Amino acid sequence: MEPRSGGRLVRPALTIVLCALYLLLAGSLSLLSGQAYRATAHSSDDTFLPRTALSYLANQVRRGDEAGGLSVTRFGDSDALALEEDGYTTLLYCWDGWLRELYAQTDLSFTPADGTQILPLDALEIGREGRLLTFTIRSGDQQYSISVSPRSWPEEGEAA
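As a starting point, this report considers the structure included with it. (Residues numbered from 1 in each chain as written. Predicted model: local features only at pLDDT ≥ 70, side-chain atom pairs only at ≥ 80, totals over all residues. Heavy atoms only, no water.)

## Focus on the overall build of the protein chain
Secondary structure summary: the protein chain contains one helix and eight strands in total. N-terminal to C-terminal, the α/β element order of the protein chain is α-β-β-β-β-β-β-β-β. Taken along its principal axes, the extent of the C-alpha atoms in the protein chain is 110 × 35 × 30 Å. The buried share among the 160 residues of the protein chain stands at 28%. Per element, the accessible surface of the protein chain, about 10,900 Å² overall, is 55% carbon and sulfur. Here the protein chain contributes 13 positively and 21 negatively charged side chains, and the mean placements of these two sets differ by 19 Å. (Helix = DSSP H or I, 4+ residues; strand = E, 2+ residues; numbered from the N terminus. Buried < 20%, exposed > 50% of the residue type's maximum accessible area, 1.4 Å probe, protein only. Areas by Shrake-Rupley, 256 points an atom, 1.4 Å probe, with all protein chains shown as cover. Lys, Arg positive; Asp, Glu negative; His and termini not counted. Charge placed at Lys NZ, Arg CZ, Asp CG, Glu CD.)

## Focus: the sheet that holds strand β2 (residues 78–85)
Strands sit in the order β1-β2-β3-β4-β5 across an open sheet of five strands; the sheet is antiparallel. Where the open sheet ends on each side, the last strands, each with one partner, are β1 (70–75) and β5 (116–120). For this sheet, the mean inter-axis angle between neighbouring strands, taken without regard to orientation, is 25 degrees. (Pairing = 2+ DSSP bridges. Axes fitted to C-alpha atoms, helices over the stretch in contact; angles between N-to-C directions.)

## What about the sheet that holds strand β8 (residues 142–148)?
Taken in spatial order, the three strands make up an open sheet running β6-β7-β8, and their pairing is antiparallel. Every other strand in the sheet has two partners, leaving β6 (123–129) and β8 as the edge strands with one partner each. Between one strand and the next, the sheet's axes are offset by a mean angle of 20 degrees, whatever the strand orientation. Here seven bridges tie β6 to strand β7 (residues 132–139), and the two strands are oriented antiparallel to one another. By the bridge assignment for β7, R128 is matched with L133.

## A look at the side chain of Q60
Tracing the chain through its elements places Q60 in helix α1 (residues 6–63). Under the relative-accessibility criterion, Q60 is labelled buried at 12%. Excluding its chain neighbours within four sequence positions, the residues that come into contact with Q60 are L83, L92 and E101. (Contact = heavy atoms within 4.5 Å.)

## Let's talk about the nonpolar core
Counting residues in each nonpolar core, the largest one holds 21 residues, and the members touching the most others are L81, L124 and F135. Secondary structure elements with two or more residues in this core: α1, β2, β3 (88–95), β6 and β7. Broken down by element, this core gets its largest block of residues, six residues, from α1. Each residue touching F135, except ones within four places of it in the same chain, is listed here: L54, L57, V61, L81, L124, E125, I126, Y144, S145 and I146. Judged by nonpolar contacts, the second largest core, of six residues, contains F75, A80, L91 and Y93. (Core = buried A, V, L, I, M, F, W, Y, C linked by side-chain atoms within 4.5 Å.)

## Side note on unusual backbone geometry
Trans peptide bonds make up the majority, and among non-glycine residues the majority have a negative phi. One non-glycine residue with positive phi stands out, namely D86, at about 50 degrees. Summarising the element assignment, D86 is placed in the loop between β2 and β3. Accessibility expressed as a relative area gives 71% for D86, which makes it exposed. A positive phi is found at D96, a non-glycine position, where the angle reads about 55 degrees. Structurally, D96 can be placed in the loop between β3 and β4 (98–105). Residue class for D96 comes out exposed when judged on its relative accessible area of 57%.

## A closer look at the pairing of β2
Counting buried residues along β2, six of its eight residues qualify, which places the element largely inside the surrounding structure. As judged from the six bridges shared by β1 and β2, these two strands associate in the antiparallel manner. Note that in β2 the partner of F75 across the bridge is S78. Taking the residues that link successive antiparallel strands as the turn, the β1-β2 hairpin has two residues, and the phi of G76 there is positive, at about 65 degrees. For β2 and β3, the ladder comprises six bridges, and the chain directions are antiparallel. Within the sheet, the bridge partner assigned to E85 lies in β3 and is Y88. Adjacent in sequence and paired antiparallel, β2 and β3 are bridged by two residues, among which D86 carries a positive phi angle near 50 degrees.

Shown next as structure tokens:
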């Protein structure tokens, strides 16, 4: 009996088909993972500014958390957080589309335009309920909030 010559053609053809299928699946997986990465990166970019702004504000509260060092006030037409230390005041507020910081001697007067631009931000609201300080920011059509409880603050109505 003679060996069949058809088997010699089927094996290389099967090997080529399997390799092509592998390359097709590997390419598809690469495209899908690229799309997933782009979606994740886009989502991260969308929340970077609000997360950074809220983190900055919370850390400034922690930095100035000492008796008499923190207060909520108005500066220009915006809510502001005042951090006072050794005759100097740091004001954190939103003006002209920016989160701003103004560091100056307490007895001097400045305008909101004098502050240093920190991050682009549409609006900042600062509220206090008991010992809880809440920052609410608006960036585009989104609104984000963070609450911090300074250790040095007495309850409203308590003596400091």
